[in-house]
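A structural walkthrough
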Amino acid sequence: MKIDGGRRDRDEDGDELVLSRPAKRQTTLVSKIITRGTTLFHPSNLFLRFLPRFIRPHLFYPPWPSSSRDIVPPSPSFTPSSSLVLPPKHDVFISFRGSDVRDTFLSHLYSYLERHKKFAVYKDDSDLERGEEISPSLLDAIERSACYIAIFSPNYAGSPWCLDELVRILDCCQRYGRRVVPVFYGGVDPSHVENQTGSYRKLPKGEADGKIRSWRAALTKAAAISGFDSRVTRPESKLIEEICRAVLQALSAQMVPASYSNVGLVGIERRMNEIEQWVTSGSKNLTIGLWGTGGIGKTTLAKAFYDRFSSQFEVLYFWSDFSDQLSASSHLRDGLQNDFFSRLLGDENAGRISRDLKDDRLGRTRALVVIDDVGDDVGDIRHLNNLFNGRYCDLFAPGSIIILTSRNKQVLKNVCRYVYEVAALDQHEALLLFCLSAFKEHCPPIEYEEWSKRVITYAEGNPLALTTLGSHLYGRDRNFWDIELRALEHHPNQSLERVFRRIYDGLGQIEKNAFLDIACLYGRYEVSVKELERLLDGNYVEHGGSENLITKFIDKSMLKADNVYSSYIHMHGLLVDLGRSFVNEKLRLEKRSWLFEAQDIYSFFKQGKGSKVTRGICWDKSSGESGIEAIHLQYDAFVKLENLRYLLIRQSDTKLVLSKDGLRCLPNSLVILSWHSFPMRCLPYEFCSENLTTLSLPSSNVERLWDDMQNVDLRNLKFLDLSKSKYLKKLPDLSTAKRLEIIYLSFCVGLVELPLSILHLPKLENLRLDDCTSLELNALGYYTDVNKKDDRATAAIFPKLERLNLTGTSIQNQKLEELEKLTWCGEISANDQELVHLCDLIFQSKALVVILLSNCIRLKELPEILVPMEALSRLDLDGCINLSRLPDSISNLVQLEELTLSRTAIQELPATIGDLACLEGLYLDDCKSLKHLCDTIHKLSKLHRLGLSGCNQLSHLPELPSSLTWLEANGCTALQTMSISRLSKHNFLMCGWNFGNCEKLDSYVCSMLFNKFTQDALGTCTEMDTPWLLLPRGWNSPDGWRPSGLNSVVTATLGRLWQLKGLIYCASFHTEVVHQPIHTTSSVSFRVYCHNLSSTGGGDVITASSSEAVPIYRENLDSEDDRGSNLLIWYDSEVSWMAEVLVPLDSSSAGLEITVTDDATIKFVFQGMRRAFLLEGGGSVEIPIIVETCGVIPVYDNREIIIIDDDDS
């Protein structure tokens, strides 16, 4: 700590003490702040808005004792100066009378602040001569201090310099919203200070009356601020602790707002808010793990947390590159640990103190510790346990937080109470971050849009990749961009490769082999867990099997599922490129373990050089543009590839041509054989299939898989796909395929029979026979196997079958009763059948989960459901156009979650529909006979989605359940009224409600819906990204509001930007006439580009808001009179871009002056498009949207909506 001996002209009655924050703790982001407006820096509306709730001091500290007096903020009426304001240089300025407290109370306070709070203290012990005024340097120190302590001792009022200090301090509090902590010391009564009685009765003489009046006013005002009385808060040690606590409170409220500190850190606020839930959970202490792949932002998030909340802790430590540093020599490792304890204990000799004494002292210290980049080595865990003595956060005082970052989830699970996955940036965040790096703007120039999208796709939301590539491409011309992006398709960026290579180097040899197999085989494709298991089980069973390896890769962030419920996972594209680059390091093709580029595959087979090293060949559209029309395979092309494990030939623009004799053989070592459009009539005679786990030959020319004389061994086969093989007539005997789980035979139109062995496959779960038009139900062998045997034989058929798809097969009506033999199956699909009725036993199954019977046009009714079905969750009767009623016993579907009755002849629903307690989705779209809904529908407490589009006889909606989040009533042309008595129970910010083209809907109902939507915008937006409401245009807007922008542009001056919470966008529109038949339902979406007219760029695009794709229903879109006019309203709570309006990025990042404003003129440009599907020829068409009027409604955080009228436009 530096003690400056600079001179101060003070007398013995007017010393000062200034506490300065160390340089490393000073704010470096802002050097100058110019304020405008009236309430910008008021703590009650600015700082507390941007500071998360858990940083607020009352959550970190216990309530002050009743003897202490709370610190209150200055009056809300203060007005910030419009002049230049320098950022605080000092944390605390103390005003005191030296002769009273310098060698006693002040010295202890000074020591405590210096040693325990780690503040750098500036102290001047020189005296001013009587008659001299306070120096400019002292006034500057007051101006540039963040908060103040005024020690009112018995002789304080006798010093004119102390009183001048007090006047200046209160003036700064008034102008800048700072805080002063009054301390009444040495028996001074606060009332004496307030009323100028006792020792405060006599003020210095010889001064002008105006100055004396200002002194008295300052004393009165300061005494009215709650502070500390030394007569009450005792002993002095406790008094000092409470004063320091109050100072920390004041400093917390004076912190630079989060929007300043996080400028350029895209998406950081959202992630910080997600961590907040744990910090505010009331736990005494926390250990939080930040988990994610390399470059995903773990360290950035940890630093942001550390920087924002460091002032709330007594001691701090940030240990960077933990794993790398610990891998150094033992001497360096011991030095790092000693430094760790020395910093935490504030004792340079901490390394010589016993462990018990260290722990005892740390147990009285509230600490924030960050350990960054913990590896997955066992040694790292051992060092962590030694460091924290196995106690981690329990080692410190309550309120302490330890944060660890790692790429290995399992490591964090061992030591952390909570593990937070740092997810990739979404598309909007990724584009913004890339543009900030590549263009120093928020949106790409038009000529760079497509290239920018390619980078976003390539980076897959990885911040490091986005910023690295953006910086690399910054300022380059379009030719450079084109060359570099093409190069990325084959070779990863070198900077990124160095980062991700560490992940690879940390794997064991078996894991490295498996990683390369996954990267080369599947690339950037999403793959099912089942398929990945089949890959790994075929090669790594002796090393723990597929489940063990997949779990390891997920824990190490090398594989990722979209969500916890997903059965599909994928590898990040950057890791894929890394793995493939390792393979390509071998220059000679015959030395490479994998071939996956078209040119390499072409050269490999042209040269005819087989290799024992070659492990896999993967050829598809991702193999790159080769300019090769065809690859010719010789008769013995695969003879020398005796160790080939994987052969994948997917769809490609390059033709694969075999010799006239076909192929002599395929490698017997093959584990996966996947060949789209396989050209031969059967597999080679010399091919042995015993190692196969996957055999996939979709759209092939095979008539049969093997010759009848071949002895086929399918002991390891798990997956068989011959779909769309139109020449296939029969399957081989599958009795050896004891592990077969999935069979796909869809669209095998020539298939007339199945082997009897298929009925008894012990692990078969999924059998798809859809559109096998020549296959009859008795081809399953029921006539020989089931009807003549007892129930035990029946139970042995398809013992594990979960899904059976019979859609489009030749099921005859006389065979319907055979379906009852399938009641142990989990899912039955019999769509597009001429079913007249269903057997009762179908609805008595204890196993059925899904029944799909869409487009069964002869089906008129369902049988009675006599017993509760405890498994059925989905029933689809879409397109059963003659189905006119449901049985009252529908209530026995006790676990039904989704019921689809669209395009049926249903006229009304039974009242018992209200008893379906688990129902989440009810779809009645295009039910032309439906006239009303039953009143009991409000009892469906879990109903989230209700589809009523095109129900053109429905005139009234009853009370709807409050759980409803998605309502599709567009095209209900007869709809006039709806029950709104319980509308207040709905949260429209979780909703998408569609009343488009409901021309007869009552105007009062529309007004109520609009009012409810705007009022809910004052609450908190939750699950939906962009909640929306679509209304018919012909109603009178409430409260005199009309969209003020003509056509597609509205310009508005938005005030109080610091309080802006979100924006409500409104657009009335109609669609151009289309002169070709399209589907009745299409979708409309808007994109609003926001231009900052207040910026020096004169209208730069700062962000773009997008609405949801909202369905629109019209009967006759090709009619001039039926285009319809609707009003779309949506709410966007993403206004973090407004921080860039307030704090320009180019200024803050360069450390220049920052102009902070609380208003801006924004031009909003609306662009809309309607996408509809063509009825003839397939495909879709984009229909132009004509925006009639548009508007923007700002929503502020003080529970207020300001309507922008025409005067603002």
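Residues numbered from 1 in each chain as written. Predicted model: local features only at pLDDT ≥ 70, side-chain atom pairs only at ≥ 80, totals over all residues. Heavy atoms only, no water.

**With respect to the overall build of the protein chain**
- When helices and strands are counted, the protein chain shows 32 helices and 49 strands.
- Here the protein chain holds 1209 residues, and 55% of them are scored as buried.
- Put simply, 69% of the contacts in the protein chain that link residues at least 6 apart link residues at least 24 apart.
- Looking at the protein chain as shown, the accessible area adds up to about 51,500 Å², and 47% of this sits on carbon and sulfur atoms. (Helix = DSSP H or I, 4+ residues; strand = E, 2+ residues; numbered from the N terminus. Buried < 20%, exposed > 50% of the residue type's maximum accessible area, 1.4 Å probe, protein only. Contact = heavy atoms within 4.5 Å. Areas by Shrake-Rupley, 256 points an atom, 1.4 Å probe, with all protein chains shown as cover.)

**With respect to the pairing of strand 48 (residues 1180-1196)**
- Within strand 48, twelve of the 17 residues are buried, which leaves it mostly tucked inside the rest of the structure.
- The pairing of strand 41 (residues 1060-1071) with strand 48 spans eleven bridges and is antiparallel. Bridge pairing links T1071 to I1185 in strand 48.
- Looking at chain direction, strand 47 (residues 1159-1173) and strand 48 are connected through five bridges and run antiparallel. By the bridge assignment for strand 48, A1172 is matched with V1181. (Pairing = 2+ DSSP bridges.)

**Describing the nonpolar core**
- Within the largest apolar cluster, 134 residues are counted, with the highest numbers of intra-cluster contacts made by W675, L745, L948, W993 and F995.
- Considering each element in turn, this core owes the most residues, five residues, to helix 30 (residues 1003-1016).
- In this structure F995 touches L957, L967, A969, N970, L975, M978, L1001, L1009, L1029, L1030, L1031 and P1032, once residues within four positions along its chain are discounted. (Core = buried A, V, L, I, M, F, W, Y, C linked by side-chain atoms within 4.5 Å.)

**Focus on the packing of helix 19 (residues 449-459) against helix 21 (residues 478-488)**
- Put simply, helix 19 and helix 21 touch, their axes get as near as 11 Å, and they point 25° apart. Accordingly, the angle class assigned to the pair helix 19 and helix 21 is roughly parallel. The hand of the helix 19/helix 21 crossing is left-handed. Contact residues: helix 19 offers W451, S452, R454, V455 and Y458, while helix 21 offers R478, W481, D482, L485, R486 and L488.
- Here the contact of helix 19 with helix 21 is built from residues that sort into six nonpolar, one polar and four charged. (Axes fitted to C-alpha atoms, helices over the stretch in contact; angles between N-to-C directions. Parallel < 35°, antiparallel > 145°, perpendicular 65-115°, else oblique. Left-handed = near helix turned anticlockwise from the far one by under 90°. Nonpolar A, V, L, I, M, F, W, Y, C, P; charged D, E, K, R; others polar.)

**A few points about the side chain of S437**
- Summarising the element assignment, S437 is placed in helix 18 (residues 427-438).
- Residues in contact with S437, not counting those within four places in the same chain, are L466, T467, G470, S471 and Y474.

**Focus: the environment of I797**
- Tracing the chain through its elements places I797 in the loop between helix 29 (791-795) and strand 27 (803-805).
- Classification of I797 as buried rests on a relative accessible area of 0%.
- Separated by 39 residues in the primary sequence, I797 and I758 have C-alpha atoms spaced 8.8 Å apart.

**Observations regarding the pattern of salt bridges**
- What the rule picks out here adds up to 30 salt bridges.
- The residue D229 makes a salt bridge to R231 at a minimum N-O spacing of 3.0 Å.
- A salt bridge links D876 to R874; the nearest nitrogen and oxygen atoms lie 3.7 Å apart.
- Connected through shared salt-bridge partners, E143, R168, D171 and R175 make up one network. (Salt bridge = Lys/Arg side-chain N within 4 Å of Asp/Glu carboxyl O.)

**Description of the packing of aromatic side chains**
- Taken as a whole and judged by the stated rule, the model has 31 aromatic pairs.
- Ring centres 5.3 Å apart and planes at 15° place the aromatic pair W594 and Y646 in the stacked group. You can see W594 sitting in strand 17 (residues 594-595) and its partner Y646 sitting in strand 20 (residues 646-649), a full 52 residues away along the chain.
- Under the relative-accessibility criterion, W594 is labelled buried at 1%.
- By relative accessible area, Y646 is classed as buried at 0%.
- Site record: aromatic cluster; members linked through ring pairs are Y1065, F1069, F1086, W1130, F1164 and F1166.
- When the ring centre of Y727 is taken as origin, the NZ or CZ atom of R681, which lies over that ring, is 4.7 Å away.
- Above the ring of W966, the side-chain terminus of R945 is found at 4.6 Å from the ring centroid. (Phe/Tyr/Trp six-rings, centres within 6.5 Å; stacked < 30°, edge-to-face > 60°. Lys NZ or Arg CZ within 6 Å of the ring centre and 35° of its normal.)

**Observations concerning unusual backbone geometry**
- The omega angle of the peptide bond from R234 to P235 is -5°, so this bond is cis rather than trans.
- Here P235 is to be found in the loop between strand 8 (228-229) and helix 9 (236-253).
- Even without glycine at this site, S699 takes up a positive phi of about 55°.
- Residue placement: S699 occurs in the loop between strand 23 (694-696) and strand 24 (719-721).

**Considerations on the pairing of strand 41**
- In terms of residue burial, strand 41 counts as a mostly covered element, since twelve of its twelve residues are buried.
- Summarising the sheet, strand 41 and strand 45 (residues 1125-1132) pair through eight bridges and their orientation is antiparallel. Its bridge partner being in strand 45, I1064 is matched across the sheet by Y1131.

**Brief notes about the state of the cysteines**
- This model, assessed by the stated rule, comprises zero disulfides.
- The thiol of C1066 is unpaired, and the distance to the nearest cysteine sulfur, on C1190, comes to 9.4 Å.
- Note on C1066: relative accessible area 0%, which makes it buried. (Disulfide = S-S within 2.5 Å.)

**Quick look at the side chain of D925**
- Summarising the element assignment, D925 is placed in the loop between strand 32 (921-923) and strand 33 (945-947).
- Despite its burial, D925 pairs with no opposite charge; the closest candidate is R903, at 8.8 Å N-O.
- In contact with D925, not counting residues within four places along its chain, are S902, R903, G947, L948 and S949. (Lys, Arg positive; Asp, Glu negative; His and termini not counted.)

**Describing the sheet that holds strand 12 (residues 401-406)**
- Read from one edge to the other, the open sheet built from five strands follows the order 10-11-12-9-13, with strand pairing classed as parallel. The open sheet has two edge strands, strand 10 (315-319) and strand 13 (418-421), and neither has a second partner. Taken over all neighbouring pairs, the strand axes of this sheet differ in orientation by 15° on average, direction set aside.
- Here six bridges tie strand 9 (residues 286-291) to strand 12, and the two strands are oriented parallel to one another. The partner of W291 across the bridge, within strand 12, is S406.

**With respect to a negative patch on the surface**
- Residues D840, E861, E864 and D888 make up a contiguous surface patch of negative charge.
- Judged by relative accessible area, E864 falls into the partly exposed class, the value being 39%. (Patch = residues over 30% accessible without salt bridge, like charges linked within 9 Å, V, L, I, M, F, W, Y side chains within 5 Å. Charge placed at Lys NZ, Arg CZ, Asp CG, Glu CD.)

**Some details on the confidence of the model for the protein chain**
- Here the protein chain averages 76 in pLDDT, while 74% of its residues score no lower than 70.
- In the predicted structure, residues 812-817 sits below a pLDDT of 50 and forms ten contacts with residues beyond four places in sequence or in another chain.
- Note that pLDDT drops below 50 for residues 1203-1209; the model gives that stretch 16 contacts with residues more than four away or on any other chain. (pLDDT = per-residue confidence, 0-100.)

**Examining the sheet that holds strand 14 (residues 527-528)**
- An order of 14-16-15 is seen for the three strands of this open sheet, with the pairing classed as antiparallel. Strands with a single pairing partner mark the edges of an open sheet, and in this sheet they are strand 14 and strand 15 (560-561).

**Thoughts on helix 20 (residues 463-473)**
- Within the sequence span of helix 20, burial applies to P463, A465, L466, T468, L469, G470 and L473.
- In this fold, the buried residues of helix 20 make contact with helix 18, helix 19, helix 21, helix 22 (494-505) and helix 26 (573-584).
- The N-capping residue of helix 20, defined by a side-chain oxygen 3.1 Å from the backbone nitrogen of L464, is N462.
- Two residues or fewer after helix 20 comes G475, characterised by a positive phi angle close to 75°. (Polar contact = N/O pair within 3.5 Å; in protein donor to acceptor, adjacent residues only side chain to side chain.)

**Some remarks on the packing of helix 18 against helix 19**
- Packing of helix 18 against helix 19 leaves a shortest axis separation of 10 Å and a crossing angle of 115°. The two elements helix 18 and helix 19 meet at a crossing, and its hand is right-handed. On helix 19, the residues that touch Q427, A430, L431 and F434 of helix 18 are S452, V455 and I456.
- Looking at the contact of helix 18 with helix 19, its residues break down into five nonpolar, two polar and no charged.

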